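# Descriptive analysis of the structure
This is what each chain is made of:
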Amino acid sequence: MSVMVARKKVVRKWEKLPGRNTFCCDGRIMMARQKGIFYLTLFLILGTCALFFAFECRYLAVQLSPAIPVFAAVLFLFAMATLLRTSFSDPGVIPRALPDEAAFIEMEIEATNGTVPQGQRPPPRIKNFQINNQIVKLKYCYTCKIFRPPRASHCSICDNCVERFDHHCPWVGNCVGKRNYRYFYLFILSLSLLTIYIFTFNIVYVALKSLKIGFLNTLKETPGTYPSTELGGCSQSLTLLTVLEVLICFFTLWSVVGLTGFHTFLVALNQTTNEDIKGSWTGKNRVQNPYSHGNIVKNCCEVLCGPLPPSVLDRRGILQQEESTTQEESCPRGTNTQEPTVARGPGGQAEESSAQQKDGSIPHLSAVPVPSLSNAEMPEEKQLTSGEPPVPSQDAGQAEH
C-alpha cells in the first residue's frame, strides 16, 4: 500500500525573480552576473593601499605626523564601505507585471488605440504624465510588461527596469539607480580623495628621502626593490612597488577625478547620466528639466540627502511550494483472515466470493460482487451484473426436464 505524504518546501522570492542578477547570502546581496571588473576594482584599491600602508606610511608617521596613516585609513574604509554598499544593494529594480496585470494592460492599450488594420504599424505605447506643468512620456516596456515610471529605464545587461536609472557601472558590478546612486557618488568622491592623498604623499616621501641621501640613493633604498645588475661589485636596484603606486594613482587620478566632477555637475542639476546622454532636457528638445528645483543646494539635498525608498522586490519573501512524496509500506501476505462475502443472486441462490484469488493475489475491487437489487426493482436490461453469473429461471429448468 502506498501513502502520499505532502511536504512544504520554503522557497524565497529571489530564487524565482527574472532578470540576469546574482544573489548571495540568501538574497541579501544582489549583483550583476558580470563581476570580473568589480574584482579588478577591489584588487587595485586593496593593492595600492596595502603598499602605501606597508612602506611609506611608517616613514611619514615618524618624520611628519602620525595623523597621516590615520586619515588615510579613514578614507580607505569609507571608500570600501560605499563601494560594497553600491555593489551589493538593490538599485531600484521594478518588478515585472504578473500575467493578470499584463493582460489587463493589454486590454487597456487595445481599448485606447483601437483595432489596427493588418499591415499597418501599431502606434507607440506611450502615456503622457504631467510633472511640474511639464508633460513627461511614460514608455511601455515589452519585457517587463509595464509602463515605466518617470526617469526609469530598462538595463540591457541586468535585464531589469530600474527606477531613476543612471547607468550600469561594470566597475562596481551593478546598476546605479535610485536606491544606490548616493552611495556611488560618495564612493567615487572618497576614491578621488584617497587617490590624491596617496599620490601626494608618495611624492612627499620621495622628496624627503632625496633631501637626505639624494634621489638615486632614495630609489636604491626604497623598500620593495630587487637587484637587477651588478657593476663593479655594487648592487644597483630598481624601485618597482613605489613606482607602481605612483603610476596607478596617476592614471586613476584623471579618470576618477573627472568622473567625480561630471557627477557633481549632474547632482547640481538633478539630472541622470542617461538623461544627459539622450539629451532629454537639452539639445533639440529645449525642454526644461521638471525635476530641478532651480537651486543647487536643493538639488544636492534631494539627490544625496533625501529619503531612501525601500526595495519593492521583497527578495527574502517566502513562497510556499508543495512537494508530494510517495512512501511505500509493505503489506504482509499470510493466512487470509477476511470472511468471504456472500451475495444474493436474483433467484435467491447464495454466491460466495473469496477476498483472495487462487494465485494468492488480492483481487481488484471491481471483481468483488456487491449486493444487487431484485428483479422487481431493476430494469430488464440491467438485471445481470458483470460480477454475477446468469441464474436459470424456473421455466428453463422445466424445459430441461
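Reading the values: the criteria
- Residues numbered from 1 in each chain as written.
- Predicted model: local features only at pLDDT ≥ 70, side-chain atom pairs only at ≥ 80, totals over all residues.
- Heavy atoms only, no water.
- Core = buried A, V, L, I, M, F, W, Y, C linked by side-chain atoms within 4.5 Å.
- Buried < 20%, exposed > 50% of the residue type's maximum accessible area, 1.4 Å probe, protein only.
- Helix = DSSP H or I, 4+ residues; strand = E, 2+ residues; numbered from the N terminus.
- Contact = heavy atoms within 4.5 Å.
- Salt bridge = Lys/Arg side-chain N within 4 Å of Asp/Glu carboxyl O.
- Pairing = 2+ DSSP bridges.
- UniProt positions renumbered as here; feature names shortened; annotations may be inferred.
- 1 Å grid on protein atoms, 1.4 Å probe; cavity = no way out; pocket = protein on both sides within 12 Å on 5 of 7 lines; lining within 4 Å.
- Points joined across faces, edges and corners; volume = space filled by probe spheres on them.
- Nonpolar A, V, L, I, M, F, W, Y, C, P; charged D, E, K, R; others polar.
- Expected span 1.5 Å × (residues − 1).
- Bend = angle between axes of the 7 residues up to and from the residue.

## So, the nonpolar core
The biggest cluster of nonpolar side chains holds 37 residues, and the ones touching the most others in it are I45, F52, L60, L83 and F187. Secondary structure elements with two or more residues in this core: β3 (29-32), α1 (36-63), α2 (67-87), α4 (181-213) and α6 (241-269). Ranked by the residues each element gives to this core, the list is headed by α4, at 13 residues. Once residues lying within four places of it in the same chain are set aside, the contact partners of L60 are F52, S65, I68, F201, V204, Y205 and L208. Counting 8 residues, the second largest nonpolar core, distinct from the first, contains I94, C141, A152 and C161.

## Thoughts on the pattern of salt bridges
Any two side chains of opposite charge can pair if their charged atoms end up close together. This structure, assessed with the given rule, holds 5 salt bridges. As a salt-bridge pair, R151 and E275 come within 2.9 Å of each other at their nearest N and O atoms. Of the two residues, R151 sits in the loop between β7 (146-147) and β8 (153-155) while E275 sits in helix α7 (residues 273-278), which places them 124 residues apart along the sequence. The class of R151 is buried, set by a relative accessible area of 14%. Between K178 and E163 there is a salt bridge, with the nearest N and O atoms lying 3.4 Å from each other. Here E163 lies in the loop between β9 (160-162) and β10 (167-169) and K178 lies in the loop between β11 (174-176) and α4, a separation of 15 residues in the sequence. Given a relative accessible area of 35%, K178 falls into the partly exposed group. Each member of the salt-bridge network shares a partner with another, and the members are R20, R96 and D159.

## Some details on the sheet that holds β9
Taken together, the 3 strands give an open sheet; going across it, the order is β4-β9-β8, and neighbouring strands pair in antiparallel fashion. In this open sheet, the two edge strands, each paired with only one partner strand, are β4 (93-94) and β8. Note that β8 and β9 share 3 bridges and pair antiparallel. Bridge pairing links C155 to N160 in β9.

## Remarks on the UniProt feature "transmembrane region" (unreviewed entry) in the chain
As annotated in UniProt, the feature "transmembrane region" (unreviewed entry) corresponds to residues 37-55, 67-84, 183-208 and 240-269 in the numbering used here. End C-alpha atoms of residues 67-84 are separated by 26 Å, and the span's content is 100% helix alongside 0% strand. Annotated as residues 183-208, this span is 100% helix and 0% strand, and its ends, taken at the C-alpha atoms, are 37 Å apart.

## Looking at empty space enclosed by the protein
Space left empty within the atom packing is revealed by a probe, the size of a water molecule, rolled over the atoms. Counted by the stated rule, this structure contains 1 cavity of 30 Å³ or more. Size it by volume and the largest cavity reaches roughly 30 Å³. Lining the largest cavity, in full, are N21, M30, P91, V93, C158, N160, V162, N174 and C175. Listed by contribution, the elements that provide at least two residues to the lining of the largest cavity are β9 and β11. Class assignment of the residues belonging to the lining of the largest cavity gives a composition of 6 nonpolar, 3 polar and no charged.

## Digging into α1
Over its 28 residues, α1 extends 40 Å from the first C-alpha to the last, a length consistent with the 40 Å expected when each residue adds 1.5 Å. The sharpest bend along α1 reaches about 50° and sits at E56. Turning to α1, its buried residues are F38, T41, L42, I45, T48, C49, L51, F52, E56, C57, Y59 and L60.

## Considering the side chain of T260
Inspection of the secondary structure puts T260 in helix α6. The contacts of T260, once residues within four sequence positions are left out, are Y185, I188, L189 and S192.

## Topic: the sheet that holds β7
Strand order in the open sheet formed by 3 strands is β5-β6-β7, and the pairing between neighbours is antiparallel. Because the sheet does not close on itself, it has two edges, and the strands there are β5 (126-131) and β7. Pairing analysis gives 6 bridges linking β5 to strand β6 (residues 134-141), with the strands arranged antiparallel. For N128, the partnering residue across the bridge sits in β6 and is K137.

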